[in-house]
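Coordinate analysis (summary)
These are the residues of each chain, in order.
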Amino acid sequence: MNRPFLALALALSISVNGSVMAIEKVHITVKAAEGVAPTELVISKDGTDPADSPYRTNLEKGVYEIVIETDFIEPYGITDWTQLTNNGMTDRLAQFLIEDGADITLTLFEDRIEAESTGPEHHALERMERLKMDTFKARAEEIEKIEDENVVAKMYDKLMEEINQWENDFYAQNPMIAFILDLDTRLLNFRFNDHKLMQKLQLYHDHYADRYTGHPAHQHIAENENVGLQIYGGKYHDYDVRSIDGEKVRAYDFLKPCYNLVILWATWCSPCRKEAQEIAEFIGSYIEKGLNIFALTREFKNTDALKQAVDKDRYPWPTLVDLDDEFHVFDRHGSTSSAVFLIDPEGKIIFSDTGSDKVKAILDTCFN
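Residues numbered from 1 in each chain as written. Predicted model: local features only at pLDDT ≥ 70, side-chain atom pairs only at ≥ 80, totals over all residues. Heavy atoms only, no water.

1. Brief notes about unusual backbone geometry
Here the phi dihedral of lysine 301 falls at roughly 75°; this positive angle occurs in a residue that is not glycine. Following the sequence through the fold, lysine 301 ends up in the loop between strand 12 (292–299) and helix 9 (304–313). For lysine 301, a relative accessible area of 74% gives the class exposed. (Helix = DSSP H or I, 4+ residues; strand = E, 2+ residues; numbered from the N terminus. Buried < 20%, exposed > 50% of the residue type's maximum accessible area, 1.4 Å probe, protein only.)

Next comes the structure, spelled out in structure tokens:
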């Protein structure tokens, strides 16, 4: 089991009071540590494709210097492009912030890239990381010593919950634009298993909606909220979709004032269909106890394979389809192919995950 102390690695944190000023300009120096071989490095804005970035260097001359200007404070990153393209992944990367007047030094080491900045936001990040280390590192190290993996998993989950609450409290007491930038990114890349997102949204509305006015992240957040993302801990939103025969319907037409299970799958995804089949094997007793179910499928070109699968598997629930992503139903659920949502009688999402065993466990909690 891989148990890195991921919670102590923060993305970005800054403390700027008042409104955000436009035009941010930084000077960046990129260099390699002594004895480290040059490699192609790419600097790009977070959320964009590094392949499209004009900021590239292989450090053949030893040092690479550039000036980057942005209209607003923005998160950027540097990536070992050679390692990423050759291996499909890389540990040699770092994030930093374009904040006006900062001098940023990015140093390439054998196993990492380190970012240093003279900006006040960077210093605030270092302070937050130190405080987090001081608060949680010792407990994390104690957990690492435990041999029972089941105990480790439970203790680590509890620790992660405490760290998340610590972060939220810190952000509430120390307003940082980095919180808004992180929330913007999480909404843009929404995933159904981001179970901390609703807490972050609540914190945003309580403490950040009127801060750093003028930054476009506010508009992005509002737009993504209006899409009706199906966020764990929040309301299950209505949307258009089609019946398996092509009739346009509304999701709410298939919900009832009870517990509702929504199963996402696709015929082209074998593990997804297998999960649906496994759920179908044990779901009967819960239906008898009052559970309501419908399925959402993501298909392309036609529904021929879907109709064959439904006939063969004999699912005891209605099957709806979003053909060729007509209504972007799966995007709203933060999934590309598979997920299961459980909605309580008040319309709140109380489960969003994968795995038939997890589905059975949550249903046992609700019905036994």
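Next, the rest of the story.
2. Concerning the packing of aromatic side chains
Under the criterion given, the structure shown has 14 aromatic pairs. Centre to centre, the rings of phenylalanine 136 and tryptophan 166 are 6.1 Å apart; their planes meet at 85°, and the pair counts as edge-to-face. Here the residue phenylalanine 136 occupies a position in helix 2 (residues 120–144), and tryptophan 166 occupies one in helix 3 (residues 149–173), the gap between them amounting to 30 residues. When its relative accessible area of 5% is taken as the criterion, phenylalanine 136 is described as buried. In textbook terms, an aromatic cluster arises when at least three aromatic residues are bridged by ring pairs, as seen for Tyr259, Phe282, Tyr286 and Phe367. The ring of tryptophan 81 has arginine 56 lying over it, and the distance from NZ or CZ to the ring centre is 5.2 Å. When the ring centre of phenylalanine 109 is taken as reference, the NZ or CZ atom of arginine 112 above it lies at 4.2 Å. (Phe/Tyr/Trp six-rings, centres within 6.5 Å; stacked < 30°, edge-to-face > 60°. Lys NZ or Arg CZ within 6 Å of the ring centre and 35° of its normal.)

3. With respect to the state of the cysteines
Think of a disulfide as a covalent bridge from one cysteine sulfur atom to another cysteine sulfur atom. Going through the model one piece at a time under the given rule, you end up with 1 disulfide. Here cysteine 269 connects covalently by a disulfide to cysteine 272, the sulfurs 2.0 Å from one another. Because the sign of the S-S torsion sets the handedness, a value of about 70° for the bond joining cysteine 269 and cysteine 272 places this disulfide among the right-handed ones. One exposure class covers both cysteine 269 and cysteine 272, and it is buried. No disulfide involves cysteine 366; its nearest neighbouring cysteine sulfur is the one of cysteine 258, lying 11 Å away. (Disulfide = S-S within 2.5 Å.)

4. Description of helix 4 (residues 177–188)
Between its terminal C-alpha atoms helix 4 stretches 17 Å, which fits the 16 Å expected from 12 residues at 1.5 Å a residue. All buried positions along helix 4 are accounted for by Ile177, Ala178, Phe179, Ile180, Leu181, Leu183, Asp184 and Leu187. Residues of helix 4 that are buried make contact with strand 5 (74–80), strand 6 (93–98), helix 3, helix 5 (197–207) and helix 6 (216–227). (Expected span 1.5 Å × (residues − 1). Contact = heavy atoms within 4.5 Å.)

5. What to know about the nonpolar core
Counting residues in each nonpolar core, the largest one holds 30 residues, and the members touching the most others are Leu183, Leu187 and Tyr208. Every element with two or more residues in this core is listed here: helix 2, helix 3, helix 4, helix 5 and helix 6. Residues within four places of leucine 183 in sequence aside, it is in contact with Leu197, Lys200, Leu201, Tyr204 and Ile221. The next biggest cluster of nonpolar side chains, apart from the first, holds 28 residues, and it includes Trp265, Cys269, Tyr315 and Val359. (Core = buried A, V, L, I, M, F, W, Y, C linked by side-chain atoms within 4.5 Å.)

6. Considering the sheet that holds strand 6
The strands that make up a sheet are held in pairs by hydrogen bonds between backbone atoms, and each pair lies either parallel or antiparallel. Here we have 4 strands laid out as an open sheet, ordered 3-2-5-6, and antiparallel in their pairing. Among the strands making up the open sheet, the edge pair consists of strand 3 (55–57) and strand 6. On average, each strand axis in the sheet is inclined to that of its neighbour by 20°, with strand direction left out of account. Examined bridge by bridge, strand 2 (residues 41–45) and strand 3 share 3 bridges and lie antiparallel to one another. Directly across from valine 42, in strand 3, lies its bridge partner arginine 56. (Pairing = 2+ DSSP bridges. Axes fitted to C-alpha atoms, helices over the stretch in contact; angles between N-to-C directions.)

That is the geometry; function is a separate question.
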